[in-house]
Amino acid sequence: MNRVIAVILGGGQGARLKPLTTERAKPAVPFAGKYRLVDIPISNCLHGGIVRINVLTQYQSASLHRHVSNTYRFDHFSRGYVNVLAAELTDHSDSGEADSASDWYQGTADAVRKMLHRFEANDDDDILILSGDQVYAMDLRELVTGHRQAGADVTIAATRVDRDSATRFGVMRVDGDCWITEFAEKPQDAEVLDRFVVPDAHGPLTHLASMGIYVFKATVLAELLAADSRDDFGKHILPSCIGTRRLRCHPFSGYWEDVGTIESYHRVNLDLTDPVPAFNLFDERRPFYSRARFLPPAKIGAAHIDRAMLSDGSIVGDGAIVRQSVVGIRSIIAPGAHLERVVMNGAGTYDIQDQVRAGHVPLGVGHDSELRNVIIDRDARVGANVRLINEGGLSEYEDGVITVRDGIIVVKRLATVPDGYTF
């Protein structure tokens, strides 16, 4: 795998994930209490022996830079690295003046095109392109090996989805040897959807959808991006390859979720509390890596815990109830608090007691508060006797204290919900 260069796309502004992406890039969004989303593709790469990794981002990249630099360090005798490459201001004009608008990444293909010179790829290299906001465990060594053995120019990882979901992805038709014969990006027309139903479909999973995971021969990728100035792989570059390049499909049947909305983020986190979760964080052969923090174990008082994940350094007080929830690092849940279907992203520090005595709402969740279907972002403070249950069943709402997206209450990063607040 020493001839593979991985490129992880950090995505755009992440509007559908706001307010979690208001002050951070999508790959830097916390996940499962102790990870960041970017840890998933990076860990998949490292398990596949792929150690040259670039993360492309342009929005709110400071926390992503900090996390990557504090987490992924290779020794001096290794060729390995994980670089975060932000969009660069360059000189495009004859006058020597920079064009800042055109320097922003306009799409997936445009991002790779603008950073291609930074990868320092050789002609015999392969470029592996991944997304920074997906949750999955894939053997990337198998993906690349299949690509090379088949002599493909491009290989697209694909999974089966239902008809409704097919309208959100690129879908494909393949022959008996997994060569792609037709590709359509986000088809909406019923006739087109009918044409793309897989021949052996049984049950609801009727379409073969692109996972946004691609392997390109380095030379082919450079040629495609030079010949076609359009911005997106799925919408522009890949459809133009049909009939002119050797496009192969790599079927994948494991767990895979695109975490692009508040609803999917909340659901994917809570799915981890299932008795046997579909996404396995407990496989010793393929651990997911993240920053080593050297925190103490979770401390639990006389509390009731039902189907929950508790991260290092968390403290649950006497009489608290935690049901089907993910509790992040350094989370404080005060006595008598009741959390149900809550994703709590934890804190970067513990409170200084002098500040708490001065009247500040403490970090974490205060005593006797009730929270249901809530995301509490990092370093947020929820006071005592707070009730966040969305009694009105609102789908969208914002009042300066909390935000509701997809029917889920979100307490923003660093926000304070005052004592006695009810929603």
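Everything discussed here concerns the structure shown above.
Rules behind the numbers
Residues numbered from 1 in each chain as written. Predicted model: local features only at pLDDT ≥ 70, side-chain atom pairs only at ≥ 80, totals over all residues. Heavy atoms only, no water. Helix = DSSP H or I, 4+ residues; strand = E, 2+ residues; numbered from the N terminus. Axes fitted to C-alpha atoms, helices over the stretch in contact; angles between N-to-C directions. Parallel < 35°, antiparallel > 145°, perpendicular 65-115°, else oblique. Left-handed = near helix turned anticlockwise from the far one by under 90°. Contact = heavy atoms within 4.5 Å. Nonpolar A, V, L, I, M, F, W, Y, C, P; charged D, E, K, R; others polar. Buried < 20%, exposed > 50% of the residue type's maximum accessible area, 1.4 Å probe, protein only. Arc of directions from axis to C-beta. Polar contact = N/O pair within 3.5 Å; in protein donor to acceptor, adjacent residues only side chain to side chain. Phe/Tyr/Trp six-rings, centres within 6.5 Å; stacked < 30°, edge-to-face > 60°. Lys NZ or Arg CZ within 6 Å of the ring centre and 35° of its normal. Salt bridge = Lys/Arg side-chain N within 4 Å of Asp/Glu carboxyl O. Expected span 1.5 Å × (residues − 1). Disulfide = S-S within 2.5 Å.

Enquirer: Account for unusual backbone geometry, with residues named and values stated.
Expert: Of the consecutive residues Lys18 and Pro19, the connecting peptide bond is found in the cis state with omega at 10°. With respect to the element layout, Pro19 can be found in the loop between strand S1 (4-9) and strand S2 (30-31). In this structure, Arg307 is a non-glycine residue whose phi angle is positive, near 55°. For Arg307, the position within the fold is in strand S15 (residues 304-310). The backbone of Asp406 sits at a positive phi, close to 55°, despite the residue not being glycine. Positionally, Asp406 belongs in the loop between strand S25 (403-405) and strand S26 (408-411).

Enquirer: Account for the packing of helix H4 (residues 108-119) against helix H8 (residues 218-227), naming residues and giving values.
Expert: It is the contact of H4 with H8, at a shortest axis distance of 10 Å, that shows an interaxial angle of 110°. On the basis of the axis angle, H4 is roughly perpendicular to H8. Here the hand of the crossing between H4 and H8 comes out left-handed. Of H8, the residues touching H4 (which contributes Ala109, Val112, Arg113 and Leu116) are Leu221, Ala222 and Leu225. Broken down by class, the residue content of the contact of H4 with H8 amounts to 6 nonpolar, no polar and 1 charged.

Enquirer: Requested: an account of helix H5 (residues 140-150), with residues and values cited.
Expert: By the burial criterion, the buried members of H5 are Leu140, Leu143, Val144, Gly146 and His147. Along the axis of H5, the buried residues cluster in a sector spanning 160°; they form a single face. Elements that come into contact with the buried residues of H5 comprise S1, helix H1 (39-47), strand S6 (126-131), strand S8 (154-161), strand S11 (207-217) and strand S12 (247-251). N-capping of H5 is provided by Asp139, with a side-chain oxygen placed 3.1 Å from the backbone N of Arg141. Among the residues trailing H5, Gly151 stands out with phi positive, at a value near 70°.

Enquirer: Any chance you could break down the packing of aromatic side chains for me, citing the residues and the numbers?
Expert: When we look at a pair of aromatic rings, we describe it by the centre distance and by the angle of the planes. Under the criterion given, the structure shown has 8 aromatic pairs. Both rings, one in Tyr255 and one in Phe279, keep their centres 5.6 Å apart while their planes meet at 35°; by these two values the pair is tilted. In this pair, Tyr255 is assigned in the loop between S12 and strand S13 (256-258) and Phe279 in the loop between helix H10 (262-271) and strand S14 (299-300), connecting sequence segments 24 residues apart. Among the aromatic residues, those joined into a cluster by ring pairs are Phe31, Tyr255, Phe279 and Phe288. Above the plane of the ring of Tyr35 lies Lys34, whose end atom (NZ or CZ) is 5.8 Å from the centre.

Enquirer: A description of the pattern of salt bridges should follow, citing residues and the corresponding values.
Expert: A full pass over the atoms with the stated rule returns 27 salt bridges. A salt bridge links Arg160 to Asp200, with the nearest nitrogen and oxygen atoms 2.7 Å apart. On the criterion of sequence distance, the pair formed by Arg160 in strand S8 and Asp200 in the loop between helix H7 (190-195) and S11 is long-range, its members being 40 residues apart. Owing to a relative accessible area of 42%, Asp200 belongs among the partly exposed residues under this scheme. For Asp306, the salt bridge goes to Arg323, with nearest N and O atoms at 3.8 Å. With Asp306 in strand S15 and Arg323 in strand S17 (residues 321-327), the pair connects residues that are 17 residues apart, well separated along the chain. With relative accessibility at 33%, the residue Asp306 sits in the partly exposed group. Three or more residues joined by partner-sharing salt bridges are found here, namely Arg3, Arg52, Asp124 and Asp125.

Enquirer: An account of H4 is requested, with residue identities and associated values reported.
Expert: Given a rise of 1.5 Å per residue, 12 residues ought to cover 16 Å, and the 16 Å separating the end C-alpha atoms of H4 matches this to within 8%. Here the buried face of H4 lies against S1, strand S4 (52-57), strand S5 (81-86), S6, H8 and helix H9 (233-241). The first or second residue beyond H4 is Glu120, which carries a positive phi of 55°.

Enquirer: Outline the state of the cysteines, supporting the account with residue identities and numerical values.
Expert: One pass over the structure, following the stated rule, counts 0 disulfides. No disulfide involves Cys178; its nearest neighbouring cysteine sulfur is the one of Cys249, lying 5.4 Å away. Counting only cysteine sulfurs, Cys249 is the nearest neighbor of Cys241, a cysteine outside any disulfide, at a range of 15 Å. The exposure class assigned to Cys241 is buried, which follows from its relative accessible area of 0%.

Enquirer: If you had to explain the packing of H8 against H9 to someone new, which residues and values would you point to?
Expert: Across the interface, H8 lies against H9 with an axial gap of 11 Å and an inter-helix angle of 110°. Considering the angle they form, H8 stands roughly perpendicular to H9. Each of Leu221, Leu224 and Leu225 in H8 lies in contact with H9, whose residues at this interface are Phe233, Ile237 and Cys241. Looking at the contact of H8 with H9, its residues break down into 6 nonpolar, no polar and no charged.

The quantities given are spatial measurements derived from coordinates; they are silent on function.
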